[in-house]
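Tertiary structure, described
Residue strings, one per chain:
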Amino acid sequence: LIALARYQGLETPIVTTAAAAALTPTTAAGGGDVTYGGASPVTARGVCWGPSPGPETTGPHTTDGTGTGAFTSAITGLSPESRTYVRAYAVNASGVRYGNEITLDTPQPTAASGGPLLLLMDP
């Protein structure tokens with residue numbers, strides 16, 4: 001007895017993480033590009049971030065639309081003078097796929113960014 005089975009593998013999307021821009025002590029502009037949707041439509045995409053390598057969508061993340069193509073994200077709630085790890089993600093019926101990881105090193109707050117202001121007074 002011989003059986004023939006054809007396996008249609010379920011595929012997750014392919015996504016890359018874009019370089020961050022407009023970095024402030026507590027925010028950054030980020031995003032990614034879903035270059036392949038996988039075996040089913042992309043139902044969510046965005047970026048996730050955290051203080052340790054390998055951030056996932058169970059932590060802070062954005063949701064920036066559906067489908068394939070490039071997208072932008074507003075990364076918020078960062079801590080000044082700290083390192084943050086960021087990855088783009090895309091979701092379809094097969095699961096979540098993460099893009100490459102980038103790091104953000106947030107700057108020190110300044111008076112222009114709403115940080116502390118040091119006033120020197122002449123006695």
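Residues numbered from 1 in each chain as written. Predicted model: local features only at pLDDT ≥ 70, side-chain atom pairs only at ≥ 80, totals over all residues. Heavy atoms only, no water.

1. What about the overall build of the protein?
Along the protein, the regular secondary structure elements total zero helices and six strands. Along its sequence from the N terminus, the protein presents helices and strands in the succession β-β-β-β-β-β. Burial status across the protein gives 33% buried among its 123 residues. Counted over contacts in the protein with a minimum sequence separation of 6, partners at least 24 positions apart contribute 66%. With the model as given, the accessible surface of the protein reaches about 7600 Å², and the carbon-plus-sulfur share is 57%. (Helix = DSSP H or I, 4+ residues; strand = E, 2+ residues; numbered from the N terminus. Buried < 20%, exposed > 50% of the residue type's maximum accessible area, 1.4 Å probe, protein only. Contact = heavy atoms within 4.5 Å. Areas by Shrake-Rupley, 256 points an atom, 1.4 Å probe, with all protein chains shown as cover.)

2. Concerning the sheet that holds strand 2 (residues 28–36)
Reading across from one edge, 1-2-4 is the order of the three strands in this open sheet, with antiparallel pairing throughout. Here the strands that pair on one side only, and so sit at the sheet edges, are strand 1 (14–17) and strand 4 (69–75). In this sheet, adjacent strand axes meet at a mean angle of 25° when their direction is disregarded. Across seven bridges, strand 2 lies against strand 4 in antiparallel orientation. Bridge pairing links Ala-28 to Ile-75 in strand 4. (Pairing = 2+ DSSP bridges. Axes fitted to C-alpha atoms, helices over the stretch in contact; angles between N-to-C directions.)

3. So, the environment of Pro-13
Among the structural elements, Pro-13 can be located in the segment before strand 1. Owing to a relative accessible area of 0%, Pro-13 belongs among the buried residues under this scheme. Discounting chain neighbours no more than four positions away, the residues touching Pro-13 are Val-34, Tyr-36, Gly-37, Gly-38, Val-42, Ala-90, Val-91, Asn-92, Gly-95 and Arg-97.

4. Points about the nonpolar core
By size, the foremost hydrophobic cluster in this structure holds 14 residues, and its most contacted members are Val-47, Ile-75, Val-86 and Leu-104. Mapped onto this core, the elements with two or more residues apiece are strand 2, strand 3 (44–50), strand 4, strand 5 (83–92) and strand 6 (95–105). When residues in this core are grouped by element, the largest group, three residues, is from strand 5. Excluding its chain neighbours within four sequence positions, the residues that come into contact with Val-47 are Gly-31, Pro-60, His-61, Thr-62, Asp-64, Phe-71, Ser-73, Ile-75, Val-86, Arg-87, Ala-88 and Tyr-89. (Core = buried A, V, L, I, M, F, W, Y, C linked by side-chain atoms within 4.5 Å.)

5. Observations regarding the pairing of strand 2
Strand direction decides the pairing type here: strand 1 and strand 2, joined by four bridges, are antiparallel. Of the residues in strand 2, the one forming a bridge with Ile-14 is Tyr-36.

6. Examining the sheet that holds strand 5
In spatial order, the strands read 3-5-6; together these three strands make up an open sheet with antiparallel pairing. Edge positions in the sheet fall to strand 3 and strand 6, since each has one partner strand and no second. In this sheet, adjacent strand axes meet at a mean angle of 20° when their direction is disregarded. Here strand 5 pairs with strand 6 via nine bridges, running antiparallel.

Everything listed here is a matter of coordinates, which is why it stays silent on function.
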